[in-house]
Amino acid sequence: MKHQISTLEETQKLIAAERILLIAGDEAVLAKLPKGRWVGGSTPYFMTPGKGGMVSRDSLFVSDITDAVATASIKKYTADSLPQVYKDCPDNGFSYIIIPALSSAHMAFALNAPNYESFGFNPLIGWIAAVHLDDLDKVKPKVFNGETGEAIEDGAIVLHAALPPGKVAEIGIINPFQQGPGDTLTFEQDGFSAADVLVNGQKQNFAEYMMKVASERDDSNEALVEGQKRNLDEYMKEKNLVTKLQLPLVADYYGALVNISFFNRIDKDKGVQFYAPVFKGVKYKLAAPLPDYVGAFAKLLDAEKVQEENILFSCNCVLNYLYSNLENKKTASFVGPVAFGEIAYQLVNQTLTYLQIK
Amino acid sequence: MQVPAATNQAWSDIITAKKTYALKFLAAKILLGRLIASVNLDPSPDNVQACAAQLQGLFAKNTAIPSAKEDLATIFG
């Protein structure tokens, strides 16, 4: 597998050579690519092999997977046809999915994927397409079907791949967050937002609870944002994002820690919104503070023993990018798009996800 | 290895948390998180058996994946 930051012209040449490509980049650049054997999603944020974290509206992040797969087919899904996605994956293969953020397909997948038929029967890896944070209210994230040239604002694009005999695909996640020692939080229904929460079994207004938690925290810090040192609290306020709630909710799924990130400002009347849904019956805790993301990540990486040459795809979360100040910093051999959500069988947040071919 | 049938008691014991294991296969852990929550809300025998069948089906389809193989060895020896 070859992963690289490419110019439009370099990528056009790869497409002309009929390479099978996973592409990420700004919508305007993706729209200029010719038809071919590729799928794409919008984001201007990347973890790159050379510079580490970077923002670019001109460059494309390109993974050439031609030599790693036996066959590949591209299929578009709607929110209604997404329940077929796990069934459509070929045996001894994997599926790579991109969904535009905040679309009905995003919501449907996030809420229902664990209940889709054949969940987990084959690896499903992918990401939620993004936009530059300056464009949050102006531009919609998009995914692209390279075979047809179609740009999709609502739906999903999936590349289903079969592997050569003797090879297997395996998904991993690296989540530096741990559950904190505080209250156990549960919810009475599934959803991307919650008006109420059960705090150690006692029902409370969730926004009031979180405002109290936020007022007790002192986790403001400085970060390098597009080359400028910024107070992260001020920057997030400008972008109308949550301040002082940088730490996600964390659920323990039989030893796999799954994050739910906070989205937008907390409003006492409208409740608390998330980047991924909370589920009824699952126990959550607020994450423990993580002062050194890169250091914590490096320790976990050593434990994972992942071989760089085996990584077909990886992606990280824009919240990790911002909160952990990843611009110009490297997360070892894990490179790829920085997204508004990551998919490792199901939607996860603030988590590095990857697919290995062994 | 041959994956034991869904009626094998070991699957139900995992679903009902009578026995716990340190598993490695990510899909199994994610599925188990949901299935155990489901059984906590509805501990009826029918639901336990349906959840056990889902877990068994997941492992049966993933016997080639190294972490799933390790988990089967952990559960069934």
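Residue positions are counted from 1 within each chain, in the order its sequence is given. By the order in which they are written, chains take letters starting at A while ligands take numbers starting at 1. Local features in this predicted model are restricted to residues whose pLDDT is 70 or higher, and side-chain atom pairs enter the listing and the counts only when it is 80 or higher, whereas totals over whole chains, interfaces and linings include all residues. To obtain the side-chain values, all non-hydrogen atoms of the structure were included, while hydrogens and water were left out.

A few points about the environment of A:Q307
Right, so step 1: Numbering of helices and strands runs from the N terminus; a helix is a DSSP stretch of H or I covering at least four residues, while a strand is a stretch of E covering at least two. Turning to its location among the elements, A:Q307 is positioned in the loop between α6 (293–304) and β25 (311–317).
Right, so step 2: Along the primary structure A:Q307 and A:S333 are separated by 26 residues, whereas in three dimensions their C-alpha atoms are 8.5 Å apart.

Some thoughts on the side chain of A:T353
Right, so step 1: Among the structural elements, A:T353 can be located in strand β29 (residues 352–357).
Right, so step 2: We call two residues contacting when some pair of their heavy atoms lies within 4.5 Å. With residues up to four places along the chain from it excluded, the contact list for A:T353 reads A:I125, A:G126, A:G172, A:I173, A:F313, A:S314, A:C315, A:E342, A:I343, A:A344 and A:V348.

Focus: the interface of chain B and chain A
Right, so step 1: Opposite the 25 residues of chain B that make contact, chain A presents 23 residues.
Right, so step 2: When chain B packs against chain A, close to 2000 Å² is buried across both sides, 69% of that on carbon and sulfur atoms.
Right, so step 3: Two parts placed together each lose some accessible area under a 1.4 Å probe, and adding up what both lose gives the buried area. On the chain B side of the interface with chain A, the three residues burying the most area are B:L26, B:I30 and B:K61, jointly 30% of the side's total.
Right, so step 4: In the sections that follow, a salt bridge refers to a side-chain nitrogen of Lys or Arg positioned within 4 Å of a carboxyl oxygen of Asp or Glu. For the interface between chain B and chain A, the tally reads one salt bridge.
Right, so step 5: Between B:K61 and A:D91 there is a salt bridge, and its shortest N-O distance comes to 3.1 Å.
Right, so step 6: Definition of a polar contact: a pair of N or O atoms within 3.5 Å, with one able to donate and the other able to accept a hydrogen when the atoms are protein atoms, and with sequence-neighbouring residues admitted only if both atoms are side-chain atoms. For the pair chain B and chain A, the interface holds six residue pairs in polar contact (both at pLDDT 80 or more).
Right, so step 7: Sorting the residues of the side of chain B that touches chain A by element identifies α2 (26–41), α3 (45–61) and α4 (66–76) of chain B as the ones contributing at least two each.

Concerning the nonpolar core
Right, so step 1: By size, the foremost hydrophobic cluster in this structure holds 135 residues, and its most contacted members are A:F94, A:F206, A:L249 and A:Y284.
Right, so step 2: In terms of residue count, the dominant contributor to this core is α2(B) (10 residues).
Right, so step 3: In this view, A:F206 contacts A:L185, A:F187, A:A194, A:A195, A:D196, A:V197, A:L249, A:F262, A:V272 and A:F274; residues no more than four positions away in its chain are not counted.
Right, so step 4: Remark: nonpolar core denotes a set of buried residues (Ala, Val, Leu, Ile, Met, Phe, Trp, Tyr, Cys) joined through side-chain atoms within 4.5 Å. Burial classes: relative accessible area under 20% of the type maximum marks a residue as buried, over 50% as exposed, and values in between as partly exposed (1.4 Å probe, protein chains only). Among the nonpolar cores identified, the runner-up in size contains 11 residues, and A:I15, A:L21, A:V29 and A:F144 belong to it.

Structural notes on the packing of α2(B) against α3(B)
All names here are of chain B.
Right, so step 1: As a packed pair, α2 and α3 sit with axes 10 Å apart at the nearest point and diverge in direction by 175°. When the axes of α2 and α3 are compared, the pair comes out roughly antiparallel. Taking contact as the criterion, the partners of A27, A28, L31, L32, R34, L35, S38 and V39 in α2 are, on α3, N47, V48, C51, Q54, L55, L58 and F59.
Right, so step 2: The nonpolar class holds Ala, Val, Leu, Ile, Met, Phe, Trp, Tyr, Cys and Pro. Asp, Glu, Lys and Arg form the charged class, and all remaining residues, Gly among them, are polar. Taken together, the residues of the contact of α2 with α3 break down into 11 nonpolar, three polar and one charged. Whenever a helix is involved, its axis is fitted only over the stretch in contact; in every case the axis is a line through C-alpha atoms, and angles between N-to-C directions fall within 0 to 180 degrees. Our angle categories are set so that under 35 degrees counts as roughly parallel, over 145 as roughly antiparallel, 65 to 115 as roughly perpendicular, and the remainder as oblique.

Looking at the pattern of salt bridges
Opposite charge on two side chains permits them to pair, given that their charged atoms come into close proximity.
Right, so step 1: Counting across every chain of the model gives 13 salt bridges over all chains.
Right, so step 2: One connected set of salt bridges, linked through shared partners, spans A:R19, A:D64 and A:D67.

Comments concerning the sheet that holds β29(A)
Residue and element names in this part refer to chain A.
Right, so step 1: Two strands form a pair only when DSSP identifies at least two bridges running between them. In space, the six strands of this open sheet follow the order β5-β4-β26-β25-β29-β13, with mixed pairing throughout. Each edge of the sheet is formed by a strand with only one pairing partner; in this case those strands are β5 (52–55) and β13 (169–174). Going from strand to strand, the sheet's axes swing by 25° on average, the running direction of each strand aside.
Right, so step 2: Taken together, the six bridges between β13 and β29 define a ladder with antiparallel strand orientation. If you follow I171 over to β29, its bridge partner there is L355.

So, the confidence of the model for chain B
As a note on interpretation, predicted positions should not be read in detail where pLDDT is low.
Right, so step 1: Per-chain confidence: chain B averages 94 in pLDDT, with 100% of residues scoring 70 or above.
Right, so step 2: Across the assembled chains, the prediction reports ipTM 0.92 with pTM 0.90. Per-residue confidence from the prediction method is given by pLDDT, with values spanning 0 to 100.

Side note on the pairing of strand β4 (residues 45–48) of chain A
Residues and elements named next belong to chain A.
Right, so step 1: The side-chain alternation of β4 yields two buried faces, one formed by Y45 and M47 and the other by F46 and T48.
Right, so step 2: The hairpin formed by β4 and β5 contains three residues between the paired strands.
Right, so step 3: Where β4 lies against strand β26 (residues 336–339), two bridges are found, and the strand directions are antiparallel. Paired with F46 across the strands is P337, a residue of β26.

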